[in-house]
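Next come the chains, spelled out residue by residue.
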There are 2 protein chains.
Amino acid sequence: MNTNANSPARRGRPGNDRRDVILVAVSLFNQHGYEATSVGMIADRLGVSKSAIYHHVSSKEELLSAALDRALSALEATLDTIDHSAERDHVANLERIIRATVDVLVEEIEPVTLLLRLRGNTELERAALGRRREFDRAVAGLVRDADDAGALRADLEPRAATRLIFGMINSITEWYHPNGPLNADSLGDLVVGLVFGGLLPRAVK
Amino acid sequence: MNTNANSPARRGRPGNDRRDVILVAVSLFNQHGYEATSVGMIADRLGVSKSAIYHHVSSKEELLSAALDRALSALEATLDTIDHSAERDHVANLERIIRATVDVLVEEIEPVTLLLRLRGNTELERAALGRRREFDRAVAGLVRDADDAGALRADLEPRAATRLIFGMINSITEWYHPNGPLNADSLGDLVVGLVFGGLLPRAVK
């Protein structure tokens, strides 16, 4: 994908790089809803004509598909951080996936927000939700592995705990401001601290 | 509110109690979106005429308003569980608000889901979001009080931690099945366990 501002494609049509079109579309989809967003609104926001948009994509649906693929590919790539060796440290694997997921939510906050709000109204949305479920299953498998290895508290039901933890992480898209006081690393520290140790100090006895 | 299936109001107009109308409307709003849901669809689901619906409410907007009020009133009532006395136990207060909120999310899952998905597109929605922010502020105050009293881990930023914890709790509306294996009390135990102690066993040294 061509992201260089001085690239030939960009030079000829300012603000009309395929990647820019997708990012503007995602932002409008999140603001107004997919149905209520028109290609004309996307063109207006970019300051170009509708035909300039159709130079890059054939339909509004192609923009939705590209945006969801962007979110899903970034989430799926977090699984590459996992150590699958026999002597793996299960808690370190959980920490890696949590930090990598927080990074994706911060860096790709608009595409991930779009993904998390999908209801599965069309074939395209259902396919994206299916890919999301595969990712969720892989992450749940990491929690289960850690639980099976005895690395987690024995009194917590691991499946519902996984849902709660990733509900916590996904909520970042609802309240986090990328230009606020908390950067992605500090947010990752906070999430790992809460998920592993909770709010209360460890009792000193 | 009249909830008895054998009540006079219910006997005369089966399935057309005001409360039933609101609950069916909420369910359809969550399924199809508020805009895409018509009063005709609500009447069809209840097996009554549109005029039977208008016997109870004057507009679709009144149904939205009643549904949001139902969610907000239930959430606001959780604050009644809080001890404000000088000798209060801050951690016990947090546990009370967490358990009471989990109960509301389970018992009023459809109205709360509707509330949590609001984007503030209309005056009515913005008013509901304002009430929700007041509630969130009251809860954040409980976490801050506990933090000020030294009852929480010193290394966690309390404002972002509050967002994460209530992001975790609110996620219940996205995945919890009221007829599944986990009842509200067990879910409350799990949430309190995770929020206070995290996933990892306390080190025994």
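Model, not experiment: these values are computed from the prediction.

On the side of chain B, 38 residues touch chain A, which itself brings 39 residues to the contact. The three residues of chain A that bury the most area against chain B are Arg153(A), Leu164(A) and Leu199(A), which together make up 22% of that side's buried surface. On the surface where chain A and chain B come into contact, there are zero salt bridges. For the side of chain A that touches chain B, the secondary structure elements donating two or more residues are helix H2 (18-32), helix H6 (90-107), helix H9 (158-170), helix H10 (172-175) and helix H11 (184-197) of chain A.

Moving on, we come to the domain arrangement of chain A. When the parts of a complex come together, some accessible area is lost, and that lost area is often taken as the interface size. Residues and elements named next belong to chain A. For chain A, the assigned domains read domain 1 (8-58) and domain 2 (67-197). At the interface, seven residues of domain 1 touch seven residues of domain 2. Taking both sides of the interface into account, the surface hidden between domain 1 and domain 2 amounts to around 670 Å²; carbon and sulfur atoms contribute 58%. By the criterion of area lost to domain 2, the three top residues of domain 1 are Leu 23, Val 26 and Asn 30, representing 60% of everything that side buries. At the junction of domain 1 and domain 2, the tally comes to zero salt bridges. At the surface where domain 1 touches domain 2, the tally comes to three residue pairs in polar contact (both at pLDDT 80 or more). Residues that form the side of domain 1 that touches domain 2 fall into these classes: four nonpolar, two polar and one charged.

Let's shift gears to the environment of Arg96(B). Residue and element names in this part refer to chain B. The topology assignment puts Arg 96 in helix H6 (residues 90-107). Between the alpha carbons of Arg 96 and Thr 37 there is a distance of 37 Å; along the sequence they are 59 residues apart. Look past the residues within four positions of Arg 96 in its chain and what remains in contact with it is Thr 81, Ile 82 and Asp 83.

Counted under the stated rule, the structure contains four aromatic pairs over all chains. Arranged with centres 6.3 Å apart and planes meeting at 80 degrees, the rings of Trp175(B) and Tyr176(B) form a pair that is edge-to-face. Each of the two residues, Trp175(B) as well as Tyr176(B), counts as buried. The ring centre of Tyr34(A) lies 4.3 Å from the NZ or CZ of Lys60(A), which sits over that ring.

What follows concerns the relation of the copies chain A and chain B. When chain A is fitted to chain B, the residual RMSD is 0.0 Å, and the transformation amounts to a turn of 180 degrees plus an axial shift of 0.0 Å. Taken together, the turn and the small shift mark the pair as related by a two-fold rotation axis. Interface overlap between copies is the fraction of interface residues in one copy that are interface residues in the other; for chain A against chain B it reaches 97%, indicating a shared surface.

Time to look at the side chain of Thr173(B). All names here are of chain B. In this structure, Thr 173 sits in helix H10 (residues 172-175). At 2.9 Å, the side chain of Thr 173 and the backbone oxygen of Asn 170 are in polar contact. Those residues in contact with Thr 173 that lie beyond four places of it in its chain are Leu 105, Ile 109, Val 112, Thr 113 and Leu 116.

This paragraph deals with the pattern of salt bridges. Summed over the entire model, instances satisfying the criterion amount to 24 salt bridges over all chains. The salt bridge involving Arg88(A) is made with Asp145(A); its shortest N-O contact spans 3.8 Å. Here the residue Arg88(A) occupies a position in the loop between helix H5 (60-77) and H6, and Asp145(A) occupies one in helix H8 (residues 123-148), the gap between them amounting to 57 residues. Look at Arg88(A) and you get partly exposed, because its relative accessible area is 26%. Asp145(A) gets classed as partly exposed once you look at its relative accessible area, which sits at 26%. Ionic pairing is found between Arg99(B) and Asp189(B), a salt bridge with its closest N-O pair at 2.7 Å.

What counts, and where the lines are drawn
Residues numbered from 1 in each chain as written. Chains lettered and ligands numbered in written order. Predicted model: local features only at pLDDT ≥ 70, side-chain atom pairs only at ≥ 80, totals over all residues. Heavy atoms only, no water. Contact = heavy atoms within 4.5 Å. Buried area = accessible area lost by both parts, 1.4 Å probe. Salt bridge = Lys/Arg side-chain N within 4 Å of Asp/Glu carboxyl O. Helix = DSSP H or I, 4+ residues; strand = E, 2+ residues; numbered from the N terminus. Domains from an automatic or database assignment. Polar contact = N/O pair within 3.5 Å; in protein donor to acceptor, adjacent residues only side chain to side chain. Nonpolar A, V, L, I, M, F, W, Y, C, P; charged D, E, K, R; others polar. Phe/Tyr/Trp six-rings, centres within 6.5 Å; stacked < 30°, edge-to-face > 60°. Buried < 20%, exposed > 50% of the residue type's maximum accessible area, 1.4 Å probe, protein only. Lys NZ or Arg CZ within 6 Å of the ring centre and 35° of its normal. Least-squares fit on C-alpha atoms with pLDDT ≥ 70 in both.

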